[in-house]
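The chain contents come next:
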Amino acid sequence: YQRRVREAVVSTQSTGILPNHVPTIAILLPGIVAITTEAGEVQKFFVSSGTATIHADSTVQILAEEICGLEDIDVNAARSGLEAAQSKLASAADDVSKASAQIEVDVYSGMVATA
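Definitions and limits used
Residues numbered from 1 in each chain as written. Predicted model: local features only at pLDDT ≥ 70, side-chain atom pairs only at ≥ 80, totals over all residues. Heavy atoms only, no water. Pairing = 2+ DSSP bridges. Helix = DSSP H or I, 4+ residues; strand = E, 2+ residues; numbered from the N terminus. Axes fitted to C-alpha atoms, helices over the stretch in contact; angles between N-to-C directions. Expected span 1.5 Å × (residues − 1). Buried < 20%, exposed > 50% of the residue type's maximum accessible area, 1.4 Å probe, protein only. Arc of directions from axis to C-beta. Contact = heavy atoms within 4.5 Å. Polar contact = N/O pair within 3.5 Å; in protein donor to acceptor, adjacent residues only side chain to side chain. Salt bridge = Lys/Arg side-chain N within 4 Å of Asp/Glu carboxyl O.

Visitor: Describe in detail the sheet that holds strand E7 (residues 60-64), supporting the description with residues and values.
Guide: Strand pairing in a sheet relies on backbone hydrogen bonds. The paired strands run either parallel or antiparallel. The strand order across the open sheet built from three strands is E3-E6-E7, with neighbouring strands paired in antiparallel fashion. Each having just a single partner strand, strand E3 (24-28) and E7 make up the two edges of the open sheet. Mean inter-strand twist for the sheet, computed between neighbouring axes without regard to direction, equals 15 degrees. Where strand E6 (residues 50-54) meets E7, five bridges bridge the pair, whose relative direction is antiparallel. Residue pairing across strands places Thr 51 opposite Leu 63, the latter belonging to E7.

Visitor: Can you tell me about helix H1 (residues 75-91), naming the residues and giving the values?
Guide: An ideal rise of 1.5 Å per residue puts 24 Å on 17 residues; H1 measures up with 24 Å between its terminal C-alpha atoms. Turning to H1, its buried residues number three or more, namely Val 75, Ala 78, Gly 81, Leu 82 and Ala 85. Projection of H1 onto a plane perpendicular to its axis shows the buried side chains occupying an angular sector of 110 degrees, all on one side. Of the exposed residues in H1, the ones pointing more than 90 degrees away from its buried face are Asn 76, Glu 83, Ala 90 and Ser 91. Residues of H1 that are buried in the fold lie against helix H2 (95-113). Sitting at the amino-terminal end of H1 is Asp 74, which places a side-chain oxygen 3.1 Å from the backbone nitrogen of Asn 76.

Visitor: Can you explain the pattern of salt bridges? Please cite residues and give values.
Guide: Taken as a whole, this structure holds one salt bridge when the rule is applied. Here Lys 88 ties to Glu 104 by a salt bridge, and the two come within 3.0 Å at their closest N and O atoms. One end of the pair, Lys 88, is in helix H1; the other, Glu 104, is in helix H2, with 16 residues separating them in the sequence. According to the relative accessible area criterion, Glu 104 is partly exposed, its value standing at 25%.

Written as structure tokens, this is what we have:
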């Protein structure tokens with residue numbers, strides 16, 4: 001997505017990025033990235049994780065592990081995935097299994113929250 005936009009809101013505790021924002025690197029949490037075009041149209045995407053780099057020239061680079069339009073999320077499938085991930089987390093026997101299951105819980109929770 002390469003366009004001039006009015007604002008970008010990324011899933012880092014709802015950071016809004018406007019022109020002349022201080023240069024920053026932020027970790028994206030599972031959630032919504034909202035882009036407001038110069039015409040005022042808002043486009044929303046779900047990201048599972050990634051980074052947002054805000055440059056001194058007011059450009060923003062978003063690198064996401066996974067991204068999709070909100071309309072592409074099957075909320076029922078996400079709820080099922082969340083239940084399965086919570087079961088994995090509850091029965092995880094070691095730290096690696098717990099961490100992996102927690103990531104799944106976080107991503108599915110973010111997907112369900114978009115509904």
